[in-house]
Amino acid sequence: MTIAPTRDTATALFTALTGAEPAGVWSAPGRVNLIGEHTDYNDGFVLPFAIPHRTVAAVGTRDDARIRVTSTFADEPVEVSLDELGELFPTPSGATPAVPEWAAYPLGVAWALLEAGASGSGLDIALASDVPVGAGLSSSAAIEGATASALNDLWNAGLDRTALARIGRRAENEAVGAPTGIMDQMASMLGEPDAAIFLDCRSLEAQLVPVGIAEAGLAILVMDTRVMHAHSTGGYGERRAACERGASIMGVPSLRDVSVDDLVRAEELMDDVTFRRVRHVVTENQRVLDTVAILREKGARAIGDLLVASHASMRDDFEISVPELDTAVETALASGALGARMTGGGFGGAAIALIEQAAVQQVSDAVTAAFADAGFAAPVIFTVTPAAGAHRDA
Ligand code: GLA
């Protein structure tokens, strides 16, 4: 995959809007999460990596105090004054943003930067992306990361990558209204080729862990079910509330503070549904730690069972899978995958499979055939390798 077409599209959009060349071009990637799902907002552990698919922001300054965004997501640009951002955001809880949703991401980033003390001139922003939308691959974090990187440079805000990830998360939580954690923004900011990011979501300490997938003769297949999900509504927030309930019953600040051994007591104290939500998070945290240890000691070939256990936990205990995701995972495993699991927030989106490089076509064909047999819409299937995080491109 090359970024050139997306960069050309963003630059052309910018020029069509303004009649000028952009001051610069920045980009940020989507992500796949190898393991550690719904652990981030519980102060736990995650192991995502950035993917080659990116969002590009072509940006220029203006000599007034207006901000105008255009994109491949919609036909109409959106324009507001910088002063107005504080009236538009935060979006009240449960409401939809006062601007079209796609525009709430870049405008939310500008708002969050102003809130953090940054200041600067008005801006024109043109966004183009090849990150699949609604696929659980963090197309939103890619928009936030590209925009935040651009504005950080053009407004001389001097924020580091972790601070920019926090800005992106604030835009997502408070401008868009999706109650997500920080994993996606950190993955998009910190990604490196060939490495996953082992992130402690309590301290935000991040370690790069070489995954060695290609060296082991393996590939990561993404199976996008095309079942669209949105985390600003419904199930995601309910799962989050159940985790908070579980932590409060256990008398701890977050489920990070509950160990696998504590689960016996947890089962006695809470109703069945809350207990199963808690058990998923607690065992998933342990699976992330185990995956990191195994990657370091034995390599990628040995992590398959942990991926499979993670999927079962999300399907049975956290109940965030859907039949299409289960079919993708089961078919990949039946056709020789070493491991497979849904990735991202769930309720749709994509699953990943760890497979032999030589089996890419065979597993893809088997999953496509299984979807047709089940009467599901055709999946979109492709391989990914860990890629670089947000940066300036030109
Ligand atoms: C979405 C959210 C993340 C994380 C995952 C689930 O991707 O944006 O913060 O909670 O779901 O692991």
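Quick note: structure is the one above.
Presented here is an overview of the structure given in this document. Along each chain, the written sequence defines residue order, and numbers are assigned to residues from 1. Only residues with pLDDT of 70 or above have their local features reported here, since the model is predicted, and side-chain atom pairs are shown and tallied only from 80 upward, although totals for entire chains, interfaces and linings are computed over all residues. Water and hydrogen atoms play no part in the side-chain values, which are based on all heavy atoms of the structure.

1. A look at the site of the ligand
This is how the line gets drawn: One heavy atom within 4 Å of a molecule or strand makes the whole residue count as near it. Counted as a polar contact is a pair of N or O atoms within 3.5 Å, where, for protein atoms, one must be capable of donating a hydrogen and the other of accepting one, and residues adjacent in sequence contribute only when both atoms are in side chains. Here, Shrake-Rupley sampling with a 1.4 Å probe gives the accessible areas, and only protein chains in the shown set may cover a residue. Gly falls in the polar group here, along with every residue not listed as nonpolar (Ala, Val, Leu, Ile, Met, Phe, Trp, Tyr, Cys, Pro) or charged (Asp, Glu, Lys, Arg).
Looking at the ligand, there are 13 residues lining it, with Glu 37, His 38, Asp 40, Asp 184 and Tyr 236 nearest. A distance of 2.5 Å separates an oxygen atom of the ligand from a polar atom in the side chain of Tyr 236. Across the complex, the protein chains shield 98% of the 310 Å² of accessible surface that the ligand would expose by itself. Among the residues forming the shell around the ligand, the class breakdown is three nonpolar, six polar and four charged.

2. So, the sheet that holds strand S10 (residues 339–343)
Our working definition: A pair of strands is considered paired only if DSSP assigns at least 2 bridges between the two. Helix numbering and strand numbering both begin at the N terminus, where a helix is a DSSP run of H or I of at least 4 residues and a strand a DSSP run of E of at least 2. Angles shown run from 0 to 180 degrees and are taken between the N-to-C directions of axes, each axis being a line fitted to C-alpha atoms and, for helices, limited to the stretch in contact.
Read across the open sheet, the four strands follow the order S10-S11-S9-S12; overall the sheet is antiparallel. The sheet is open, and its two edges are formed by S10 and strand S12 (380–384), each paired on a single side. Within the sheet, the average angular offset between the axes of one strand and its neighbour, ignoring direction, is 25°. Note that strand S9 (residues 218–224) and strand S11 (residues 350–356) share seven bridges and pair antiparallel. From the neighbouring strand, Leu 221 faces S11, where its bridge partner is Ala 353.

3. Some thoughts on the pattern of salt bridges
Oppositely charged side chains are able to pair whenever their charged atoms sit close together. Note the cut-off: Just to be clear on terms, a salt bridge is a Lys or Arg side-chain nitrogen sitting within 4 Å of an Asp or Glu carboxyl oxygen. With a 1.4 Å probe rolled over the protein chains alone, any residue whose accessible area is under 20% of its type maximum counts as buried; one over 50% counts as exposed, and the rest are partly exposed.
Applying the stated rule across the entire model yields 24 salt bridges. Of the charged contacts, one joins Arg 62 and Asp 124 as a salt bridge, the two residues approaching to 3.0 Å between their closest N and O atoms. Residue Arg 62 is located in the loop between strand S3 (48–61) and strand S4 (66–71), and its partner Asp 124 is located in strand S6 (residues 123–129); the two are separated by 62 residues in the primary sequence. This pair shows no difference in class: Arg 62 is buried, exactly as Asp 124 is. Close ionic contact of Arg 66 with Glu 79 constitutes a salt bridge, the shortest N to O distance being 2.6 Å.

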